[in-house]
Every structure is written in C-alpha cells, then in structure tokens.
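Observations on chain architecture
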Amino acid sequence: MSTEPPTETSTEELPSGAAGTLGEAAEPVAEDPSSHRFECRSCGFVYDPAEGVKKLGIAAGTSFLELDPVAFRCPVCRSRVGAFKDIGPRNKPSGFEENLNFGLGVNRLTPGQKNVLIFGGFALAFAFFLSLYSLR
C-alpha cells in the first residue's frame with residue numbers, strides 16, 4: 001500500500017453516474033456578453049438582444065450593454081438599468097451549475113427543449129388515451 005497523496009486528477013469527485021459527463025462539464029458556454037439576456041428583478045421582464053423591444057423602438061440585435069443607461073427603462077415596470085441582472089445566453093441550460101450533472105441528462109436541456117419534452121409527452125399520452133376508443 002502506498003501512502004502517497006492522491007494525484008490532481010483523482011481529487012475531483014463526481015456524482016455517481018456522472019463519470020462520462022466530465023467532458024461535457026468542461027464544455028465552454030458562449031461567453032460573449034453582447035448575446036446575454038438580462039432580466040428585470042422587479043417584474044421579471046427579460047431583455048433578449050435577438051428580439052429587441054419594439055415598444056421602445058430598440059432594434060433586434062441591440063446588445064443590452066449598448067443601451068443608454070440613463071434613458072432606458074424597463075418597458076413593464078419602468079425600472080432603471082441597475083435593476084436588471086445577467087441571466088446568460090438563450091441556449092444556456094437553466095439551473096445551478098452544480099446540478100447540471102444530475103437528472104438523467106434532462107438538466108442540461110435548455111428551457112425550450114424542456115417545454116418540447118413536457119408538452120410532447122402530454123400530447124403522446126393524450127393520443128394513447130384516445131386510441132383506447134378503438135379497442136371496441
């Protein structure tokens with residue numbers, strides 16, 4: 001038996017069943033701040049640079065960082081720029097980083113992919129339910 005300290009590669013502990021996800025965890029997410037969405041902490045309005053804000057005349061493709069911090073206000077609650085927090089890019093998985101390796105891979109799905117999975121499952125279950133009428 002060796003009494004040597006563990007090597008650098010063995011000090012990182014992974015949750016059970018996540019041994020194959022180490023490469024996925026090291027995968028970089030797009031860190032371009034101009035593509036990040038920002039959420040108003042007062043009312044929950046999400047500014048998405050891909051959509052802009054038609055109500056305020058802000059064109060699609062305008063980054064939140066390019067907006068005038070004095071003139072811009074939340075279109076819903078009129079809060080200033082300081083009330084917004086960065087929630088990351090649109091294609092980033094939702095949730096805490098430490099929880100992304102759990103949940104049979106479902107935690108790595110984007111919110112849109114989760115919606116398709118949930119409502120697609122409901123539609124499939126409804127189709128199976130209706131197919132029971134053909135058993136007569």
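Residues numbered from 1 in each chain as written. Predicted model: local features only at pLDDT ≥ 70, side-chain atom pairs only at ≥ 80, totals over all residues. Heavy atoms only, no water.

The helix and strand inventory of the chain stands at two helices and three strands. Secondary structure elements of the chain, listed N to C terminal, follow the sequence α-β-β-β-α. Residues counted as buried form 20% of the 136 residues belonging to the chain. Sequence separation of at least 24 residues holds for 43% of the intrachain contacts in the chain that already meet a minimum separation of 6. With an accessible surface of roughly 10200 Å², the chain has 60% of that area assigned to carbon and sulfur atoms. (Helix = DSSP H or I, 4+ residues; strand = E, 2+ residues; numbered from the N terminus. Buried < 20%, exposed > 50% of the residue type's maximum accessible area, 1.4 Å probe, protein only. Contact = heavy atoms within 4.5 Å. Areas by Shrake-Rupley, 256 points an atom, 1.4 Å probe, with all protein chains shown as cover.)

In this section: the packing of aromatic side chains. For the coordinates displayed, the defined rule picks out eight aromatic pairs. Consider the rings of Tyr47 and Phe64, whose centres lie 5.6 Å apart with planes at 55 degrees: the pair is tilted. Residue Tyr47 is found in strand E2 (residues 46–47), and its partner Phe64 is found in the loop between E2 and strand E3 (84–88); the two are separated by 17 residues along the sequence. Here Phe119 and Phe122 contribute two aromatic rings whose centre-to-centre distance is 6.3 Å and whose plane-to-plane angle is 55 degrees, an arrangement assigned as tilted. Of this pair, Phe119 and Phe122 are both found in helix H2 (residues 111–131), three residues apart, which corresponds to roughly one turn of the helix. Judged on exposure class, the residue Phe119 and its partner Phe122 are both exposed. Three or more aromatic residues link up through ring pairs in this structure, and these residues are Phe38, Tyr47, Phe64, Phe72 and Phe84. (Phe/Tyr/Trp six-rings, centres within 6.5 Å; stacked < 30°, edge-to-face > 60°.)

Moving on to the side chain of Arg37. You can see Arg37 is positioned in strand E1 (residues 37–40). Asp48 provides the closest opposite charge to the buried, salt-bridge-free Arg37, at an N-O distance of 5.2 Å. The residues touching Arg37, leaving out its near neighbours within four places in the chain, are Val46, Tyr47, Asp48, Pro49, Lys85, Asp86, Ile87, Gly88, Pro89 and Arg90. (Lys, Arg positive; Asp, Glu negative; His and termini not counted. Salt bridge = Lys/Arg side-chain N within 4 Å of Asp/Glu carboxyl O.)

Here the chain shows a mean pLDDT of 75. Residues at 70 or above account for 71%. The spread of mean pLDDT over the elements of the chain runs between helix H1 (residues 22–25), the lowest at 40, and H2, the highest at 91. (pLDDT = per-residue confidence, 0-100.)

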